[in-house]
Amino acid sequence: MTAPLLAIEDLAVSFRTEEGEVTPVRGVSLQISENETVAVVGESGSGKSVTSFATMGLLPRPAGRVSQGRILFRRRSGDTIDLATAPRATMQALRGAEIAMIFQEPMTSLNPVLTVGEQIAEAVRLHLGYDRRKAWAHAVEMLGLVEIPDAARRASDYPHHMSGGMRQRVMIALALSCRPALLIADEPTTALDVTIQAQVLTLLDRLRRELGMGVLFITHNLGVVAEIADRVTVMYAGEVVESAPVRDLFNAPRHPYTRALLECMPSRAIQDASGRRVVRSIPGQVSRVERGCAFAPRCADATPACSVEAPMLESDAGRQTRCLRWRELA
Amino acid sequence: MSTEPLLTIAGLSKNFGKAPHLVRAVNDVSFSLGRGEALGLVGESGSGKSTIGRLALRLIDASAGQIRFEGQDITAAPERRLGLFRRQAQMVFQDPYASLNPRLRVSSIVGEALDAHGLARGAARKARIAELLELVGLPAAHMERYPHEFSGGQRQRIGIARALAVEPRLIIADEPVSALDVSVQAQVLNLMQDLRRRLGLAMLFISHDLDVVELMCDRIAVLYLGRIMEIGTTEQVARHPRHPYTRALIAASPRPDPDAPPRERMLTGDIPSPLAPPSGCVFRTRCLHATERCAKEAPALRETGPEHQFACHFDISHSPNA
Ligand SMILES: Nc1ncnc2c1ncn2[C@@H]1O[C@H](COP(=O)(O)OP(=O)(O)OP(=O)(O)O)[C@@H](O)[C@H]1O
Ligand SMILES: Nc1ncnc2c1ncn2[C@@H]1O[C@H](COP(=O)(O)OP(=O)(O)O)[C@@H](O)[C@H]1O
Ligand code: SF4
Ligand code: SF4
Ligand SMILES: [Mg+2]
Ligand SMILES: [Mg+2]
């Protein structure tokens, strides 16, 4: 078996703040193979974006740093490098060429004063060494690939002349123009209408297959996860609490947090005693714990032992679970 | 009181700007809302949902049509005659961060609404604030805190307490849970349902999430480029949709089930510019069922059952390849 495309091993990320050092990501491990989509889900603040920024080498300097672990990436050349310690110049060369990223807000990655065609052409000239004509033709081809109607003409449009959904697709075209091996997508459809979201998800899935990319897909929308992911990693308060193939996760969640999260979805509403439809919710909010399991204050299955001993991430049958009681609860 | 609905909207239109920049944000929209009833407004961005909400609250004036509240025509009533209406219709906003003044304590945020309508003073005022906070599931002891000391879900509860302070009959909630995580969303949705039943509130519930609307609402109106495409009970619209656009919206909603079959694509292209809406049926440029007739003639809303209407020349639910 070949090594995975990306292997994050025991990652911790720390930030220096006025109140001292904080470590919002602790001991995170995950792997992505070629042609595979791994979704990372979790509540806001659980550490999803910090993990992706660390992988891209885009942690804010000098406050943020990888304080533990490795981020191993298999390069096109076949060499494996640790993105956590790679020199800045290497990271710059990798970004856009071998690793690409798309965000929730397309205008953060699009230049408002260049036409969309020029932006894509410039990227491929830089990373693939194409000449002007070839670069422009490639830009038009990419815009067609993301279903921009009349791409040859729209390539000369500026981003602000396009609708939000079109800009999102242009950003995808730009990100994928150099055929990256790994795509990191941080909430790329969160701000979109469901109709445009459906379009973008279908598109991403098709391009993943055609280019054989590995995709790290960050979202808090479980419906989107069900649709796009092969594997899912669930984060809670900076740690991985469960990781499993998507079917296993939805059909037989092991961690009490995963189970509770799935039950919060309006589509899983239940009838209460008076016949009204209600959704189950998780009481309280994420809080800091001194000892034991971070989820214990909100966990319906917690026992006194849970507030004493911190659970380790246990592997079993291709899945990982961080819960003292998962076997007896299953 | 008569049997007249709490809120009646008839032939309502709102234009922004002047030609060639004229946008018909709301175009000949009619519906009614009964006492204690919840109506969901769904549709893509720019379809006119928020504009309808602002019109119904008289935050902006209509270009045409009529708004009746409690049997009274409030479409053009002068501000001084809107006193009781201003109390009885309240808004809950999407963004719990932006909608609360960061410099005010919770007691002032909720208390301001009481003061504005001269509802309680002194000890009674404080007791009422405590009662309101407890009603939305916040400890009364937190009333002297500032908004930044609360989480997103708690801030949304404060926004709801503020809306409830004046004992409204109608709440207009514009994407009230869109900014919240699914677990917090569940808490706030349950709270809103509970309050609605206990206090007999009617609600206009604006959301782009069909699952949420289905859970919260008795009826649903589907909007596209300022027009109603379909309106009916939740059961009718969500389970037995008749309009091609409603069907497309449902098909596009993510299904949280990895075993679901791959989605069927029911839409083509992008939303047209609201400055140049298509002739005839406004949906025709994206409709898989469009014919020549659709470009020439705008379909009127037609009845398909009690309370269920849709605006399409055809009935695709009866065609073999629908
Ligand atoms: N003050 C305004 N001036 C000019 N145009 C406006 C104004 N307010 C709204 N519009 C336009 O009216 C149309 C309807 O807007 P509205 O905000 O009601 O949509 P919405 O359905 O609430 O969308 P979203 O889902 O994005 O909130 C849009 O084309 C919008 O650009
Ligand atoms: N530059 C920073 N300095 C200090 N703390 C940070 C910084 N960036 C992020 N954090 C903290 O890291 C945690 C995880 O954040 P993030 O990864 O953005 O969450 P999400 O899962 O919502 O993407 C949060 O508690 C956040 O406040
Ligand atoms: S370790 Fe205990 S508290 Fe933590 S998730 Fe498992 S049962 Fe719940
Ligand atoms: S009237 Fe024509 S274009 Fe409009 S929804 Fe019906 S079939 Fe489609
Ligand atoms: Mg994030
Ligand atoms: Mg709106």
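Residues numbered from 1 in each chain as written. Chains lettered and ligands numbered in written order. Predicted model: local features only at pLDDT ≥ 70, side-chain atom pairs only at ≥ 80, totals over all residues. Heavy atoms only, no water.

## Some details on the overall build of chain B
If you tally the helices and strands in chain B, you get 10 helices and 12 strands. The C-alpha atoms of chain B give 21 Å as radius of gyration, which agrees with the globular expectation for 322 residues (20 Å, within 12%). Each of the 322 residues in chain B was classed as buried or not, and the buried ones make up 53%. For chain B, the share of sequence-separated contacts (at least 6 apart) that also reach a separation of at least 24 residues comes to 62%. Counting every atom, chain B has about 13900 Å² of accessible surface; 51% of that belongs to carbon and sulfur. Of the charged side chains in chain B, 39 are positive and 35 negative, and the gap between their average positions amounts to 5 Å. (Helix = DSSP H or I, 4+ residues; strand = E, 2+ residues; numbered from the N terminus. Rg over C-alpha atoms; globule rule 2.2 N^0.38 Å. Buried < 20%, exposed > 50% of the residue type's maximum accessible area, 1.4 Å probe, protein only. Contact = heavy atoms within 4.5 Å. Areas by Shrake-Rupley, 256 points an atom, 1.4 Å probe, with all protein chains shown as cover. Lys, Arg positive; Asp, Glu negative; His and termini not counted. Charge placed at Lys NZ, Arg CZ, Asp CG, Glu CD.)

## Details of the overall build of chain A
From N to C terminus, chain A includes 11 helices and 14 strands. The C-alpha atoms of chain A give a radius of gyration of 21 Å, which matches the 20 Å a tight globule of 330 residues would have. Judged by the C-alpha coordinates and their principal axes, chain A covers about 70 × 50 × 45 Å. Burial statistics for chain A: of 330 residues in total, 52% are counted as buried. Pairs at least 24 residues apart make up 62% of the contacts formed inside chain A by residues separated by at least 6 positions. Surface summary for chain A: the accessible area is close to 14500 Å², and the carbon and sulfur share equals 50%. Distance from the positive charge centre (38 side chains) to the negative charge centre (37 side chains) of chain A: 2 Å.

## Some points on the sheet that holds strand 5 (residues 72-73) of chain B
All names here are of chain B. Read across the sheet, four strands follow the order 2-1-4-5 without closing on themselves; strand pairing throughout is antiparallel. Each edge of the sheet is formed by a strand with only one pairing partner; in this case those strands are strand 2 (23-33) and strand 5. Relative to strand 5, strand 4 (residues 64-69) runs antiparallel, the two being bridged by two bridges. Bridge pairing in strand 5 links Phe-69 to Gln-72. (Pairing = 2+ DSSP bridges.)

## Some remarks on the pairing of strand 1 (residues 7-16) of chain B
Regular strands show a simple pattern: their side chains alternate between the two faces of the sheet. Residues and elements named next belong to chain B. Where strand 1 meets strand 4, five bridges bridge the pair, whose relative direction is antiparallel. Pairing of Ala-10 across the sheet is with Gln-66, part of strand 4. Taken together, the seven bridges between strand 1 and strand 2 define a ladder with antiparallel strand orientation. Bridge pairing links Ile-9 to Phe-31 in strand 2. The hairpin turn running from strand 1 into strand 2, its antiparallel successor, is six residues long, and Gly-17 in that turn takes a positive phi close to 75°.

## Topic: the site of ligand 2
Residue and element names in this part refer to chain A. Taken together, Phe-15, Thr-17, Pro-24, Glu-43, Ser-44, Gly-45, Ser-46, Gly-47, Lys-48, Ser-49, Val-50 and Pro-60 make up the full set of residues adjacent to ligand 2. Here Gly-45 contributes a backbone N or O atom positioned 2.8 Å from an oxygen atom of ligand 2. Separating an oxygen atom of ligand 2 from a backbone N or O atom of Lys-48 is a distance of 2.8 Å. Starting from 570 Å² of accessible surface for ligand 2 in isolation, the protein chains cover 61%. The dominant element in the shell around ligand 2, judged by the number of residues it contributes, is helix 1 (residues 48-56), at three residues. Residue composition of the shell around ligand 2, grouped by class: four nonpolar, six polar and two charged. (Near = heavy atom within 4 Å. Polar contact = N/O pair within 3.5 Å; in protein donor to acceptor, adjacent residues only side chain to side chain. Nonpolar A, V, L, I, M, F, W, Y, C, P; charged D, E, K, R; others polar.)

## Concerning the sheet that holds strand 8 (residues 202-206) of chain B
All names here are of chain B. Reading across the sheet, the eight strands line up as 6-7-8-3-9-10-12-11 and stay open at both edges, with mixed pairing between neighbours. Across the chains shown, the open sheet's two edge strands, defined by having one partner strand only, are strand 6 (89-92) and strand 11 (302-305). In this sheet, adjacent strand axes meet at a mean angle of 20° when their direction is disregarded. Inspection of the sheet shows strand 10 (residues 227-233) paired to strand 12 (residues 308-310) by two bridges, in the antiparallel sense. Bridging across to strand 12, Ile-231 finds its partner in Gln-309. (Axes fitted to C-alpha atoms, helices over the stretch in contact; angles between N-to-C directions.)

## So, the interface of chain B and chain A
On the chain A side, the residues contacting the 35 residues of chain B number 44 residues. In this assembly, chain B packs against chain A so that about 3200 Å² is buried in total across both faces, 52% of it on carbon and sulfur atoms. Contact with chain A buries surface across chain B, with Pro256(B), Pro258(B) and Asp270(B) losing the most and accounting together for 19% of the total. Summed over the shared surface of chain B and chain A, the result is four salt bridges. Of the charged contacts in the structure, one is a salt bridge between Arg247(A) and Asp259(B), with a shortest N-O distance of 2.4 Å. (Buried area = accessible area lost by both parts, 1.4 Å probe. Salt bridge = Lys/Arg side-chain N within 4 Å of Asp/Glu carboxyl O.)

## Brief notes about the site of ligand 4
Lining the immediate surroundings of ligand 4 are 13 residues, of which Cys281(B), Arg284(B), Cys287(B), Cys294(B) and Cys312(B) lie closest. Considering only residue class, the shell around ligand 4 consists of nine nonpolar, three polar and one charged.

## Observations regarding the nonpolar core
Ranked by internal contacts, the top residues of the largest apolar core, which has 96 residues, are Ile160(B), Leu164(B), Phe205(B) and Met216(B). Top contributing element to this core by residue count: helix 6 (residues 182-199) of chain B, with eight residues. Other than its neighbours up to four places away in sequence, Leu164(B) contacts Arg128(B), Leu132(B), Leu135(B), Val136(B), Ile171(B), Leu195(B), Leu199(B) and Leu201(B). Formed by 41 residues, the second largest nonpolar core is a distinct cluster that contains Ala100(A), Val124(A), Ala135(A) and Leu203(A). (Core = buried A, V, L, I, M, F, W, Y, C linked by side-chain atoms within 4.5 Å.)

## Quick look at the side chain of His313(B)
All names here are of chain B. Mapping His-313 onto the fold places it in the segment after strand 12. The class for His-313 is buried, based on a relative accessible area of 14%. Side-chain polar atoms of His-313 contact the backbone oxygen of Glu-297, separated by 2.8 Å. Beyond its immediate stretch of four places on either side in the chain, His-313 contacts Arg-293, Cys-294, Glu-297, Ala-298, Pro-299 and Arg-302.

## Digging into the packing of aromatic side chains
Using the criterion set out here, one finds seven aromatic pairs over all chains in the structure. Taken together, the aromatic side chains of Tyr236(A), Tyr257(A) and Phe295(A) make up a single cluster linked through ring pairs. Sitting above the plane of the Tyr130(A) ring, Lys134(A) keeps its charged end 4.1 Å from the centroid. It is Arg293(B) that lies over the ring of Phe314(B); its NZ or CZ is 6.0 Å from the centre. (Phe/Tyr/Trp six-rings, centres within 6.5 Å; stacked < 30°, edge-to-face > 60°. Lys NZ or Arg CZ within 6 Å of the ring centre and 35° of its normal.)

## Thoughts on the environment of Ala86(A)
Turning to its location among the elements, Ala86(A) is positioned in the loop between strand 5 (80-82) and helix 2 (88-94). Residues Ala86(A) and Glu210(A) lie 124 residues apart in sequence; the distance between their C-alpha atoms is 29 Å.

## Quick word on unusual backbone geometry
Of note, the amide linkage connecting Arg61(A) to Pro62(A) takes the cis form, showing an omega dihedral of 0°. The residue Pro62(A) is located in the loop between helix 1 and strand 4 (64-74) in this model. For the peptide bond that leads from Ala19(B) to Pro20(B), omega is 5°, which places it in the cis range. Here Pro20(B) is to be found in the loop between strand 1 and strand 2. Here Glu175(B), not a glycine, exhibits a phi torsion of approximately 50°, which is positive. Structurally, the position occupied by Glu175(B) is in the loop between strand 7 (170-174) and helix 6.

## Quick notes on the state of the cysteines
Under the criterion given, the structure shown has zero disulfides over all chains. Free cysteine Cys217(B): the closest other cysteine sulfur is in Cys264(A), separated by 19 Å. Its relative accessible area of 6% is what places Cys217(B) among the buried residues. (Disulfide = S-S within 2.5 Å.)

## Description of helix 3 (residues 116-128) of chain A
Residue and element names in this part refer to chain A. Its 13 residues give helix 3 an end-to-end C-alpha distance of 18 Å, which sits within 8% of 18 Å, the value for a rise of 1.5 Å per residue. Listed in full, the buried residues belonging to helix 3 are Val-116, Gly-117, Gln-119, Ile-120, Ala-121, Ala-123 and Val-124. Those residues of helix 3 hidden inside the fold are in contact with helix 4 (132-145), helix 5 (151-154) and helix 6 (164-176). Directly after helix 3, the chain includes Gly-129, whose backbone phi takes a positive value near 70°. (Expected span 1.5 Å × (residues − 1).)

All quantities given are derived from atomic positions and should not be read as evidence of function.
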